[in-house]
Amino acid sequence: MYGEPVRIGELSALTGVSRRSLRYYEQHGLLESRRSENGWREYDQDAVVRVRNIRELLGSGLSVADLQRVAPCLDQDLDPEQCYRVLEIYNHRLAELDRKISVLAGHRDRLEKRISGVG
């Protein structure tokens with residue numbers, strides 16, 4: 001452990017992630033805490049980096065299941081060269097997004113044709 005432990009409220013303030021989300025991350029094995037003598041959740045200082053990485057990856061369209069697969073990498077820089085699983089998941093998600101975009105573009109084209117045919 002590095003430095004003083006961080007309580008859930010402090011971790012929330014440092015990362016911009018709600019306490020509820022932090023508990024959710026814990027429930028899914030993405031984040032670990034221990035309990036102080038008075039029962040409060042305490043995190044190591046490196047949890048700040050981990051939570052920021054979790055938030056960034058979820059915001060990029062990855063799922064909790066994806067993050068569980070790269071859990072060992074979440075405490076470090078998410079450089080694909082250092083964590084090959086990250087690159088694998090990035091490529092998988094990118095291909096999935098491309099497929100969805102293609103389907104949506106098809107829907108859009110068909111709607112435009114219907115609109116132009118109505119006038």
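Computed from a predicted model, the values in this text were never measured in an experiment.

Parameters and conventions
Residues numbered from 1 in each chain as written. Predicted model: local features only at pLDDT ≥ 70, side-chain atom pairs only at ≥ 80, totals over all residues. Heavy atoms only, no water. Helix = DSSP H or I, 4+ residues; strand = E, 2+ residues; numbered from the N terminus. Contact = heavy atoms within 4.5 Å. Salt bridge = Lys/Arg side-chain N within 4 Å of Asp/Glu carboxyl O. Buried < 20%, exposed > 50% of the residue type's maximum accessible area, 1.4 Å probe, protein only. Arc of directions from axis to C-beta. pLDDT = per-residue confidence, 0-100.

Details of the side chain of Asn53
Mapped onto the fold, Asn53 is located in helix α3 (residues 47–59). Asn53 has contacts with Leu74, Gln76 and Leu78, leaving out every residue within four places of it along the chain.

Some words on the pattern of salt bridges
In the structure shown here, the tally under the stated rule is eight salt bridges. Measuring nitrogen to oxygen at the nearest pair gives 3.1 Å for the salt bridge that ties Asp44 to Arg34. On the criterion of sequence distance, the pair formed by Asp44 in the loop between β3 (41–43) and α3 and Arg34 in strand β2 (residues 34–35) is long-range, its members being ten residues apart. According to the relative accessible area criterion, Asp44 is partly exposed, its value standing at 24%. Among the salt bridges present, the one from Arg93 reaches Asp66, with a minimum N-O distance of 2.6 Å. In this pair, Arg93 is assigned in helix α5 (residues 84–118) and Asp66 in helix α4 (residues 64–69), connecting sequence segments 27 residues apart.

A few points about helix α1 (residues 8–15)
Restricting attention to buried positions, one finds in α1 the residues Ile8, Leu11, Ser12 and Thr15. Down the axis of α1, the smallest arc covering the buried residues is 100°, so these residues share one side. The elements touched by buried residues of α1 are β1 (6–7), α2 (19–27), β3 and α3. Within two residues after α1, Gly16 carries a phi angle of roughly 75°, on the positive side.

Regarding the confidence of the model for the chain
Overall, the predicted model of the chain reaches an average pLDDT of 89, with 97% of residues at or above 70. By mean pLDDT, α5 is the weakest element of the chain at 91, and α2 is the strongest at 96.

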